[in-house]
Amino acid sequence: MLQSLRLAWHQIRPQLRQLAVAVVVIALSVALASSMLLANHALSESFERSLDALAGKADLQITAASGGSFDESMIDLVRDVPSIGTAAPLLVGSAFVRGEGRAGVRVIGVDMLDDPSVRLYDFRGRSSVGIEDPLVFLSQPDSAIVPRAFFERQELRLGDRLQLQTSGGARDVVVRGLLADTGVGRAFAGQMVVMDLEFAQRLLDEEGKITQIDVALDADADLDAVEAALKARVPSFLDVHRLDERKADVRRAVAGFQLVMNAVAACALLLALVITSNRLATVYEARTWEMGVMRALGTSPRVLLRDLLVEALLLSSLGVVIGIPLGWLLAQVIVAPVADAMALNFKQVIDAPWVPLRLGPAATAAIAGLGAGVVAGMLPAWRVTRTSIVEVLRKGRLRAPRAERRAKVIARWLAPAAALACLALQLATGDGRLGALVIVSFAVAGALLIQPGLRAIDRPLHALLGGAVAIGVHDQSIVPSRAVAAGGVLLGGIAAVVWMGNTSRSFETFVVDELMATRSGDLVVDSAYNESAVGAGETKLAADVMARIAEVPGVAAVGAITYDLVERSGVGILAVDAARMQDARFGTWRIEQPIADDALRRVADGEAVFGTAQLLTSQKLRVGDPVSIVTPTGTLERPLAGVVNASFLAQNGDVVMSRALYERWWRRTGVNEVQVVLADDAASESVAREIRARLGDAYQLRVRSTEQVANWFADSVRQGFAVNDVMILITLVVVLFGSGDALAANVAERAKEIGTLRALGLSSGSITGMVLGQALAIGLVGAALGVAAGWAMSFGFVEGVVRLALGWNVVFDPTYTTALVAALLGIAACLLGAAVPAVRAGRMSAATLLRYE
């Protein structure tokens, strides 16, 4: 192996200039793959770290199956179970720091006077907390501890007051202690305020409530036995979780999301494979005579193949060495938009951390890059080593049309037919499992149709351009050689760009349509702090805000909406005022399958509920079936009155019910937003200004038109998919390098033909035009096939892979602008890549070209 490496380096070193394109492309592809893997890994760690930090030394956690809070008296039931060492109550709620930054924080309430609780969370360790006067801290109920990083970001000093905005209004806390940025201080990315449980309950309007109980067992306790005993002891509306199970659930959820993001990085590696294979084929075929001599001297085909693959491995190693550091730097750029996309998916803020260079993700990307290089070298190496010695020495660099094998001709027409059949089957059945098959089949079909495409475009370009350009295009269609490789690079790049564009557009349309289905009327009023709460759940307003908004001149009607999540079933709850549901001035509901004409009245009266399509799929329900929902006061059961497209709260679907029914079973009165219908003669902007003037400061309101709300949601989705812009740019750069490299190789292979044409009187400009005409032919064919394949592949991805991985019923919504721009940029990249080899071919003399051999 050492001898093979020396020989490989001896062969590669003089050709580094020719191989630079392959190295750059592998480096870019590895950079994209490693950046995505590193960013995903860092975000997953951040997600899990938040769970571990807050759980402390707990073995089990008890939470409300419906989500939210439950009565703190449950702590006594838990502590009575044998073998439990510590059971610590915890209250977790959301608030915002009032002021210019409006930073979102988690309010953590823990029983500071309960020594077992404090030991469980390790708040009092010398290395963890700095409290100047513990007696003052404990005697003042408004005392708070904040992580040091948060303390420094807010430019605080010990003893400063921190004003927090909650659903109950503005409340002050006094910072009297610092928490180290380790352990508990790492929870929620350090955006937290820790205080005594009783004061936290008052601040969050959760008197006598907690959100979880963390349980640590005795050293000799049987975890299975204690878990079973707890499940038998606590009420059915509480869930008992093992910490490792909760983390496993997080990993599974994050893995599904990351599968979607990593698919694009895989496209870049496939492009690198095609481009590198083309470049290595050029290099290997230039050494055909040399290999023939080595074969004649006794070198076996197997040894020769091994040496060529070692060269490919060494070449890809250079790309990996460059690509991994570049990917680490790129990861710092894309981690924020990827975090936004994850927040949109998981409905909670996810910290965008500094991305460390981890061995696992970097090694995965490195192995993928090395594998791509070796696979790229496999086919050209096998081709030049499989022929006989006599044929190798005889044929030199002859270029002549080769009769296609019957199997290849059959495959060329069967592959598109199979791809169309897969697409038609998915359209007919809606089976998401066919999505991956559609993606693969169209990728294969597109690659096989490049050569027929070049032949099909031969005659039109001949008639349009004429002269030497027509000669080059015709020759290229008969003996495609590198033209197929260049077309493959262009096809793959454009397909990837169209794929990403259509996916982003489909997500944007889906989210906006779903979220705006319930936001009608003229104005939408919610908390001003929701501007910085993307994906974190929304700050609720006190219920009395509705009556005060109704008193504003120009307001004709108001209706409130409340959101919630049932954690056990992963189902969202959309609670709507009866007036909002039945008053036509708020708009009509999109009911797909009403069970009766009075379905809206029955839901408004609390006799039935609506469900979304996702709910029917996840729960295997039909209209008329009873829907069971775990609530903090028991199990609510109501018949399903119809299917609505009305919300986007949970992957398993949402239940729409009356707000009166929700308040009765959940015993919560806050509202997420108030929708306003204006009087006929009222001006929208003037009424909005009046609401802000009367109530804005007291309630910290945000007042917007429904159009502004829709634009805000669309901007949020675009922000989450901003990483696509980086990927599209890198993909186009790869296409530029790849097409230019393939066309340069094409010029080198056709040197004798070009020299003959020059000797027959063709001018330098005609030769340059001929090469550019070939590039145009490749660009048109590659762009057309790329757009077609990209559309089909994005359909299979959006309505297949995404639905299976994320559970979202996203509908494919293509963007024609992206397809057109991608095609034009792809053609432009092809022509730009051909510019240098075209000019070079035009400047070479006939004598030089005819001496090429």
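Everything below is about the structure printed above this text.
Residues numbered from 1 in each chain as written. Predicted model: local features only at pLDDT ≥ 70, side-chain atom pairs only at ≥ 80, totals over all residues. Heavy atoms only, no water.

Draft legend 1. A look at the packing of helix α15 (residues 435-448) against helix α16 (residues 450-465). The interhelical angle for the contact between α15 and α16, taken along N-to-C directions, is 45°, at an axis separation of 4 Å. Classified by the interaxial angle, the pair formed by α15 and α16 is oblique. Contact residues: G446, A447 and L448 in α15; I450, Q451 and P452 in α16. Along the lines of polarity and charge, the residues of the contact of α15 with α16 split into four nonpolar, two polar and no charged. (Axes fitted to C-alpha atoms, helices over the stretch in contact; angles between N-to-C directions. Helix = DSSP H or I, 4+ residues; strand = E, 2+ residues; numbered from the N terminus. Parallel < 35°, antiparallel > 145°, perpendicular 65-115°, else oblique. Contact = heavy atoms within 4.5 Å. Nonpolar A, V, L, I, M, F, W, Y, C, P; charged D, E, K, R; others polar.)

Draft legend 2. Spatial organisation of a negative patch on the surface. A cluster of acidic side chains, namely D71, E72, D76 and D80, defines a negative patch on the protein surface. Tracing the chain through its elements places D76 in helix α3 (residues 74-79). Classification of D76 by relative accessible area gives partly exposed; the value is 46%. (Patch = residues over 30% accessible without salt bridge, like charges linked within 9 Å, V, L, I, M, F, W, Y side chains within 5 Å. Areas by Shrake-Rupley, 256 points an atom, 1.4 Å probe, with all protein chains shown as cover. Salt bridge = Lys/Arg side-chain N within 4 Å of Asp/Glu carboxyl O. Lys, Arg positive; Asp, Glu negative; His and termini not counted. Charge placed at Lys NZ, Arg CZ, Asp CG, Glu CD. Buried < 20%, exposed > 50% of the residue type's maximum accessible area, 1.4 Å probe, protein only.)

Draft legend 3. Summary view of unusual backbone geometry. In this model, D205 sits at a positive phi of 55°, which is unusual for a non-glycine residue. By the secondary structure assignment, D205 is in the loop between α7 (197-203) and β10 (209-210). D205 gets classed as partly exposed once you look at its relative accessible area, which sits at 44%. The phi angle at R667 is positive, at roughly 60°, despite the residue not being glycine. When its relative accessible area of 64% is taken as the criterion, R667 is described as exposed.

Draft legend 4. Local environment of the pairing of strand β6 (residues 143-147). Of all five residues that make up β6, five are buried, and the element is covered over most of its length. Side chains of β6 alternate between two faces, with S143, I145 and P147 and A144 and V146 buried alike. The pairing of β6 with strand β8 (residues 169-179) spans five bridges and is parallel. Bridge pairing in β8 places I145 opposite G177. Where β6 meets strand β9 (residues 192-196), two bridges bridge the pair, whose relative direction is antiparallel. Each bridged residue has a counterpart across the sheet, and for I145 the counterpart in β9 is V194. (Pairing = 2+ DSSP bridges.)

Draft legend 5. Up close: α15. Taking 1.5 Å of rise per residue, the 14 residues of α15 would be expected to cover 20 Å, and the 20 Å separating its terminal C-alpha atoms lies within 8% of that figure. Buried within α15 are the following residues: G435, V438, I439, S441, F442, A445 and G446. (Expected span 1.5 Å × (residues − 1).)

Draft legend 6. Layout of the sheet that holds strand β14 (residues 555-566). One open sheet holds the nine strands; their spatial order is β17-β18-β16-β19-β15-β14-β20-β13-β21, and the pairing between them is mixed. This sheet does not close on itself; its edge strands, each paired only once, are β17 (626-631) and β21 (701-705). Each adjacent strand pair in this sheet contributes to an overall mean axis angle of 30°, direction not counted. Strand direction decides the pairing type here: strand β13 (residues 523-527) and strand β20 (residues 673-678), joined by three bridges, are antiparallel. If you follow V525 over to β20, its bridge partner there is V674.

Draft legend 7. Broad picture of the packing of aromatic side chains. Following the criterion strictly, the structure yields four aromatic pairs and no others. Each ring, one from F795 and one from F812, has its centre 5.6 Å from the other, and the planes form 90°; the classification is edge-to-face. Placement of F795 in helix α28 (residues 764-806) and of F812 in the loop between α28 and α29 (816-843) is noted, with a sequence separation of 17 residues between them. A cation over a ring is seen here: R702 above W712, with NZ or CZ 4.5 Å from the ring centre. Positioned above the aromatic ring of W712, the side-chain terminus of R704 is 4.9 Å from the ring centre. (Phe/Tyr/Trp six-rings, centres within 6.5 Å; stacked < 30°, edge-to-face > 60°. Lys NZ or Arg CZ within 6 Å of the ring centre and 35° of its normal.)

Draft legend 8. Here's a closer look at the pattern of salt bridges. Within the structure shown, the criterion is met by 20 salt bridges. Residue R704 is joined to D526 by a salt bridge in which the shortest nitrogen-to-oxygen separation is 3.6 Å. Linking R704 in strand β21 with D526 in strand β13, this pair joins segments that are 178 residues apart in sequence. Note on accessibility: R704 and D526 belong to one class, buried. E663 serves as the salt-bridge partner of R659, at 2.6 Å between the closest nitrogen and oxygen. Of the two residues, R659 and E663 are both situated in helix α23 (residues 659-666); the distance of four residues between them amounts to about one turn of the helix. Three or more residues are tied together by salt bridges with common partners; here these are D598, R601, R602, D605 and E607.

Draft legend 9. Region of the structure containing α16. Spanning 16 residues, α16 covers 21 Å between terminal C-alpha atoms, matching the ideal 22 Å at 1.5 Å per step. Within α16, the axis deviates most sharply at D458, by approximately 35°, and proline P460 lies no more than four positions further along. If you check which residues of α16 are buried, you get I450, Q451, P452, G453, L454, I457, D458 and L461. After α16 finishes, the residue G466 shows a positive phi value of roughly 65°. (Bend = angle between axes of the 7 residues up to and from the residue.)

Draft legend 10. Looking closely at the side chain of Q201. As for its position among the elements, Q201 is in helix α7. For Q201, the side chain forms a polar contact with the main-chain oxygen of K209, separated by 2.8 Å. With residues near it in sequence (within four places) discarded, Q201 still touches E72, L91, E206, E207, G208, K209 and I210. (Polar contact = N/O pair within 3.5 Å; in protein donor to acceptor, adjacent residues only side chain to side chain.)

Draft legend 11. Focus on the environment of R548. When you line up the elements, R548 lands in helix α19 (residues 545-550). Given the relative accessible area of 38%, R548 is considered partly exposed. A sequence separation of 147 residues divides R548 from L695, and the C-alpha atoms of the two residues are 7.9 Å apart. The contact partners of R548, leaving out residues within four places of it in the chain, are R694, L695 and Y699.

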